[in-house]
Amino acid sequence: MERTEAFRPSLWARLRARLGKGELSPGLLAFFLVLPAILFLLAIIAYPILYALWLSLHEVTLKGLAKGELPFVGLKNYSTIFRDPVFWRSLLHSAEFVGTTVALEVTLGLSIALIINDARARAFGTLNKALMLLPWAVPPIANGLMWFYIYNPSFGYLNVILYKLGLIDQFMQFAGNPKLALFSVVVAFMWRVTPFSVLLFHAALQGIPEDLYDAAKVDGAGALARFRFITFPLIRSTLAIVLVLRTAFAFMVFDEIFAITAGGPGDRTWVASWYTYQHAFSYLEIGVGAAAAYVMALVIAIITVTYVLVVYRRVEYA
Amino acid sequence: MSGPKVTRRQFLKMAGVTAGGLAASGLLASCGPQATPTPAPPTPAPAVPTPTPVPAGPAWSTAPSVAKPAKVYWVYWPWGKTEDEVAAQFEADWGLPVEKVAEPNVEQVYAKVNTLYAAGEQMDVIKTLTPWIGEWIDNEVIQPLDGLPGVDEYWNDMNELCRQTVKLDGKIWGLPYYQSFHIGAYFQDHFEKAGITEPPKTYEELVDVCLKLKKDGICEYPILWMAGQGAEHLTFQFYQLVWNWGGTVFDKDAKPTLGPGSKAREALAWWQKTFQEWKITAPESLELRYIPACKAFWTGKYAFHFFPHHYYMSLLNSEAESPIKGRVKQMMCFGDGRTMGWTEIFTLGSTAKSKEWAWMLLQAAGGKTKDGNYTAAMKYGIGAMLGSGFNSVNRHPAIREAWKKWTNVDLNLKQWEKATVKFIVVPAMMKPWHQKWQDAAQVSIANCLAGKITADQACDEMIAKHKEVAG
Amino acid sequence: MVRTVRRRLRLDTVAISLANVLVTLFILGPVFLLFLGAIQTEKSLVEDYMRLIPTQVTLQNFEVILLGREDILHDTGFYHLPRIIFEFKRVFLNSLIIATTTTVLNLLVGSMAAYAIARLRQRWTQGFMYTNLASRMVPLMVLMVPLFVTLRTLKLLNTLVGVIVTLTGFLLPYTIWILQSFFASLPEELEDAARIDGCTRFGSFLRVVLPLSAPGMGAAGVIVFILSWNEFLIPFIVTTKSEVYPVPVLIATLVTDFHVYYSLVCASILMGLLPSVALALLLQRYVTRGLLAGALKG
C-alpha cells in the first residue's frame, strides 16, 4: 500500500496518540505490576534480613531498646554462640531430627502413594486420596498439642492402645523420656507433613504410562523389578525435589517442639529454631538470637545449594 | 509436661536482695517450726512525714482525698473468676475503672511486668511470686507501703509465715495473696486393699508400705512425686525432703551443706533409691508438674502423692470432677512434721499514677474491700482452698466448713503450724545467683533420680556449681 | 487355571486393601482420638482411661466454649481452667479477619506480580523470580527478631494490621510462585487475539488472563487462606493481648501445666483445626493443583 503522507506528525502528537491509547510499554507496565509485591518483600523480607544482620552485631536488650543504647559489639554474639555447647547440641539435634524425618517421610510417602495408586483396591485408594490432605491442613501448633495429649504418660491414648495390643506391660513416657522425646516430635511432625510427599509422589506415579508396566509383566518382571526399573527412575526428579524441600522445612520445625517438649527433657529437643527463639524472646538476648538465626539461615542455604548442585544436577543428567 | 516451659528461663533473671538486707529485717533470726503467732509491735513511723492527711475512718472504706486517676491497672494470673469479681466490686464501690492485665500462666506474669516496666506503663497492683520480689525491689519496679493508712491493722492480723514474707529491709512490701505449704497425701482405697490402717509416719515405714503394695500387686509404682523441671517442683521437693529429713541444703550464710555425710546427701540417696532400687516411684514423676500431676493421681494408679501446694487437696477431692473424691487423705509430714511454706503477695507498682488509689485497689485484692470483709481471701479460701495470710480468715468458720469436704481440717491446721517460711529453710533463695544455681542443680538432681549419676556425684556437681556462680 | 489366578488376585487385593485401611487409620486416627477427648467430661476422661470408647458422651465442652456456659463447670477444677477458652469466639473471628484479608491482599498483589513475570518478560523479571524463590527459603526466625523490633517501634504490636501485613509479606513469595506457573501455562494466543482487538496489555490481563486462571487463583487463594489460618509464630511474637490473638496463639496458650483442663483443650483444638481441614478437604482439587504447581518447577 502506498504511503501518501501529507506531513509527519510531531513528536508531541505521536506521544499523545500513544498515551491516548492508554498503553504502557511492557517494561513500564511490568514495573507497576510488580511494585506492590516488591514493596511488601522489601519491607517484610529484605529489610528484616539486613536489620537482623545489624542486630546480630550489636548488644540488644529490652532495656537498651527503650533507652536507645545499643552498643556495637562486632562478632561477639557469634563467638558467644560458637562457644556455647548448647548451640552445637541444638545443631546436632536438628540434624538428627531432619535426617529421621526426611528418611521416614520419603519412604512412608512413597509407600502410601504406591498403596493408594494401586488399581487393585481402587475404592479404598480413592477414599484415602480424598482424605489425604487432612493432616497437612492441621495447624502445626494444634498438631503438636494433639500429640502431646496422646503421649500423656498417665492416661494418654497411645499408652492405652499399646497396652491393649499387648505391646507394653507398663505405661511409658514419650515426650518426657530423654530417649524417645525427639522421636515423639518426629512422629507428630511426620504425621502432618507426609501427605505433601504423598501428593507429589502420587502425581509423579500418575505420569507413568500403564503400558510400561504391562510390557514388563509380559516380559516376566516381578513387582520388585518393576519398581526398580520403571517406577524409581521415572520418579527420581520428584524424589530430588521432595528431598530438597522437605529437608529445608524440617530444619525449621518449631510449633511441634513448642507444644510437645518445649526443648525438654533437659535440652534433649533443643533444635536450631528453638535455640534462636529462646535467646531472642525468652532470655531477651536479641542480638544473640539474631546471630543464631543467621547461622540457621546459612545452614539451610548450604543444604539447599548442596542439594541443588549434587542431587538435582545428577538427576538432570540421568 | 516433659520439660521447662517457654519462660522457664525467666527464673534465670531473678536476682535477689542482699543477705544483709534480709538479716537486718530479722528474718533470719528465728528458725524451726513456727508456733501460733503473737501480735508483733507496730512498724516504726516512717522517717519522712506523709504528705496525705490520715483519713478519719478505716483505710479500706475511706476514699483518699487526692484525685482519682483515669484507671488503675491490675497485673495478675487469674484464679477462677475471683479477680474479675473483686475488680467489679471495686469499680462499683469507688467508681474507678480497673484495667485488668491478666496473663494466663503464672510464669508469664514475670516477663509481662518487666516489659511493661521497661515501657514505662502504669501498673498499680501486681500479683507477685516471692522469688521475683528481690529483683523488683532492686530495679524499683515495686514500691513499699510506707505512709499508707491502715497498714498496721493488716500487720496485726497477719500470721508469721506472712509477716516474714512481706517485711523486708524494715519496710512492708505488700498484702498477702495466698499461703501454702508442702504436704503428702494417700489414696485410701489402696490402703484398704492391703489392709493398712494407718498412714506411714517415717521414711522407713513409707518404703515398707510401698513395697507391700507393690508385692501384693496393688500398685506398680505407689509414689507419685510432683518433680518436673521447674522451681516449684523438683527443687522445692528436694528442699522439702532435706528439711523434713532434718537437714538443710544451704546454711544460714547461704553456703551449701551438701558435703559427704550430710543429711542432704543422705536424703538424695534415699530419694534415688525409691526410683532405681526399690522402684516404688512412678518414673513419670520427673515429667509432671501442677495440674497434670494431680490429674494423673486421679487415675487411681498411685498410692502416695507429695506436692508443694496443700490446696491441691481440693482438686484431688473435687466433688464434681475427681473420680476418687473423698478418698484422698492428707497425712502429716514425717518425723516431727516440719514442712516448707510460703506466702505469695500483691505488691504496689512503682509506676502507679496515684499511690493512694493504688493502695485502695491493693486492699481490695489482698486485704479488705469497702465493706470491711476480706472478700478476695475468703473467695480464694472457700472456692479453692488457698490459705490466707490473715489469721481472722484462716480461723473463719466458713473457711473451716468449706475445707471439711477436702481434708481433715484439724490435721491441716496442725501441719500448717509446722510450716517454716522458705526463706528460712533455704536462705540462699534470695541471693542473686540462686536462680542460676537452681537451673543447674535441677539437672543434677534429675540425672541422679534417673540413675545416671550417684547422689554423691550430684551433690558434688551442685557444690561446684555454687562455687562457680557465687564465687 | 482360572480359579488359581482368581485366588491369587484375591490375596493381592486383600493385602492392598488392608494396607489402605492402615493408611486410613493413619490419617484419621489422631484426630479421632482428639474427638474422643472432646466429647467427655474431665472426670470420665481420667476415670475410665483404659476404655478407649467412652460410655458417657457429652457436648458440654462445646457448650462451654461456644456458649460461654461457665456454670457447667463447677467446683475446684474451675480455678484451674485456662480462661482464655472463653474468648474462643472472638479469637475465631480474629483468625477469620486475618486469613481473609491476607488472602485477598496476596491474590491482588501476587497476581499482578505473577503476570509480569509470566507474560511481560523483561530482563529483570527472571531475576525477580529467582529472588522470590530464594525468599521462600528464608527461615522465619531470621525475620521474626527484626520484625518484632520494627513493629514495636512502629507501635504496630498488638494490632490486627501488624499481623496481616507481616503475614502477607511472608506468604507473598509462595503466592507469586504458584500464580506465575499457572499464568505461564495459559496459551498466549488468547491474549494475542485480545490485543489485536485493541486491548491493552493490562486490559488483557484483567479481561482474559484473570478469568481464565480462576482455578489457579482459587488454588492459590485456598492455600494462602489455610496457611495464614494456621500460622502461629508470627502472631505469637507480634501480639501479647488476647483481643488480637488468632486461633493458633490461643492453642499455644493452652500449652501449660498451670491451668489445664484436658477435655476443654481437646474441644478447642478440634474446633481450631476444623476450618482449615474442612476447606482443604472440600476444595482439595484446588489445593492439590496449587501445591503441585508450587513444588514442581513449571
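Residues numbered from 1 in each chain as written. Chains lettered and ligands numbered in written order. Predicted model: local features only at pLDDT ≥ 70, side-chain atom pairs only at ≥ 80, totals over all residues.

1. Quick word on the overall build of chain A
Regarding its fold elements, chain A presents 16 helices and zero strands. The long-range share in chain A, meaning contacts at least 24 apart out of those at least 6 apart in sequence, stands at 70%. (Helix = DSSP H or I, 4+ residues; strand = E, 2+ residues; numbered from the N terminus. Contact = placed C-beta atoms within 7 Å.)

2. Things to note about the overall build of chain B
Helix and strand counts for chain B come out as 20 helices and 13 strands. Residue burial in chain B is summarised as follows: out of 471 residues, 56% are buried. A fraction of 76% describes how many contacts in chain B between residues 6 or more apart in sequence connect residues 24 or more apart. (Buried ≥ 20, exposed ≤ 12 C-beta atoms within 10 Å, placed from the backbone.)

3. Quick look at the nonpolar core
A:Leu145 and B:Leu361 are the most contacted members of the largest nonpolar core, which has 342 residues in total. If you tally residues by element for this core, the top one is helix H10 (residues 181-206) of chain A, at 15 residues. (Core = buried A, V, L, I, M, F, W, Y, C linked by C-beta atoms within 7 Å.)

4. Things to note about the packing of helix H10 (residues 263-276) of chain B against helix H20 (residues 455-470) of chain B
Residues and elements named next belong to chain B. Packing of H10 against H20 leaves a shortest axis separation of 9 Å and a crossing angle of 130°. The orientation of H10 with respect to H20, classified from their angle, is oblique. In terms of crossing hand, the pair formed by H10 and H20 is right-handed. Contacts from Ala264, Arg265, Leu268, Ala269 and Gln272 in H10 reach Ala455, Asp456, Ala458 and Cys459 in H20. Along the lines of polarity and charge, the residues of the contact of H10 with H20 split into six nonpolar, one polar and two charged. (Axes fitted to C-alpha atoms, helices over the stretch in contact; angles between N-to-C directions. Parallel < 35°, antiparallel > 145°, perpendicular 65-115°, else oblique. Left-handed = near helix turned anticlockwise from the far one by under 90°. Nonpolar A, V, L, I, M, F, W, Y, C, P; charged D, E, K, R; others polar.)

5. Topic: the interface of chain A and chain C
Contact with chain A, which involves 80 residues of that partner, is made by 79 residues of chain C. Classifying every residue of the side of chain A that touches chain C gives 68 nonpolar, eight polar and four charged.

6. Concerning the interface of chain B and chain C
Taken residue by residue, the interface counts 24 residues in chain B and 21 residues in chain C. Among the secondary structure elements, those contributing two or more residues to the side of chain B that touches chain C are helix H11 (290-298), helix H12 (313-316) and helix H14 (375-384) of chain B. A total of five residues in the side of chain B that touches chain C trace back to one element, the largest contributor, which is H11(B). Taken together, the residues that form the side of chain B that touches chain C break down as 13 nonpolar, six polar and five charged.

7. Things to note about the sheet that holds strand E9 (residues 223-225) of chain B
All names here are of chain B. If you walk across this open sheet you meet the four strands as E9-E10-E8-E11, and the pairing is mixed. The open sheet terminates on both sides in strands that have one partner only, identified here as E9 and strand E11 (328-331). Each neighbouring strand pair of the sheet contributes to a mean axis angle of 25°, computed without reference to strand direction. Here four bridges tie strand E8 (residues 183-187) to E11, and the two strands are oriented antiparallel to one another. Its bridge partner lying in E11, alanine 185 is registered against glutamine 330. (Pairing = 2+ DSSP bridges.)

8. Section: the domain arrangement of chain B
All names here are of chain B. Domain boundaries in chain B define domain 1 (7-180 + 342-421) and domain 2 (183-332 + 433-470). Considering each element in turn, the side of domain 1 that touches domain 2 owes the most residues, three residues, to helix H17 (residues 409-417). For the side of domain 1 that touches domain 2, a count of residues per class yields eleven nonpolar, seven polar and two charged. (Domains from an automatic or database assignment.)

9. Brief notes about the confidence of the model for chain B
Confidence along chain B averages 86 in pLDDT terms, with 88% of residues attaining 70 or more. Here the prediction assigns the complex a pTM of 0.86, and the interface score ipTM is 0.90. (pLDDT = per-residue confidence, 0-100.)

10. Quick look at unusual backbone geometry
Residues and elements named next belong to chain B. You will see that aspartate 169, though not glycine, has its phi angle at about 60°, which is positive. Tracing the chain through its elements places aspartate 169 in the loop between strand E5 (167-168) and strand E6 (171-172). C-beta crowding within 10 Å serves as the criterion here: with 16 such atoms nearby, aspartate 169 is assigned to the partly exposed category. Here the phi dihedral of methionine 385 falls at roughly 65°; this positive angle occurs in a residue that is not glycine. Residue position: methionine 385 is located in the loop between H14 and helix H15 (391-394).

11. Side note on the pairing of strand E12 (residues 339-349) of chain B
Residues and elements named next belong to chain B. For E12, a buried count of eleven out of eleven residues is recorded, marking the element as mostly surrounded by other parts of the structure. With two bridges connecting them, strand E4 (residues 142-143) and E12 associate as antiparallel partners. Residue pairing across strands places isoleucine 142 opposite glycine 349, the latter belonging to E12. One ladder, built from three bridges, connects E12 with strand E13 (residues 419-421); its direction is parallel. Bridging from a neighbouring strand, glycine 341 pairs with valine 421 of E13.

12. Considering helix H2 (residues 82-94) of chain B
Residues and elements named next belong to chain B. Taking 1.5 Å per residue as the helical rise, H2 with its 13 residues ought to reach 18 Å, and the 18 Å between its terminal C-alpha atoms agrees with that figure. Turning to H2, its buried residues number three or more, namely Thr82, Glu83, Val86, Ala87 and Phe90. On an axial view of H2, the arc spanned by its buried residues comes to 125°, and they lie on one face. Those residues of H2 hidden inside the fold are in contact with strand E1 (72-76), strand E2 (98-102), helix H13 (355-366) and H14. Backbone geometry just downstream of H2 places glycine 95 in the positive-phi region, at approximately 65°. (Expected span 1.5 Å × (residues − 1). Arc of directions from axis to C-beta.)

13. Considerations on the environment of A:Phe97
Residue and element names in this part refer to chain A. Relative to the assigned elements, phenylalanine 97 resides in helix H5 (residues 85-117). Remark: the alpha-carbon pair of phenylalanine 97 and threonine 247, spanning 150 residues in sequence, is separated by 9.8 Å. For phenylalanine 97, the residues in contact, after removing those within four places along its chain, are Leu182, Val186, Ala250, Val253 and Val271.

14. Topic: the environment of B:Lys295
Residues and elements named next belong to chain B. Relative to the helices and strands, lysine 295 is located in helix H11. For lysine 295, a count of 26 C-beta atoms within 10 Å gives the class buried. As a C-alpha pair, lysine 295 and isoleucine 399 span 104 residues in sequence and 25 Å in three-dimensional space.

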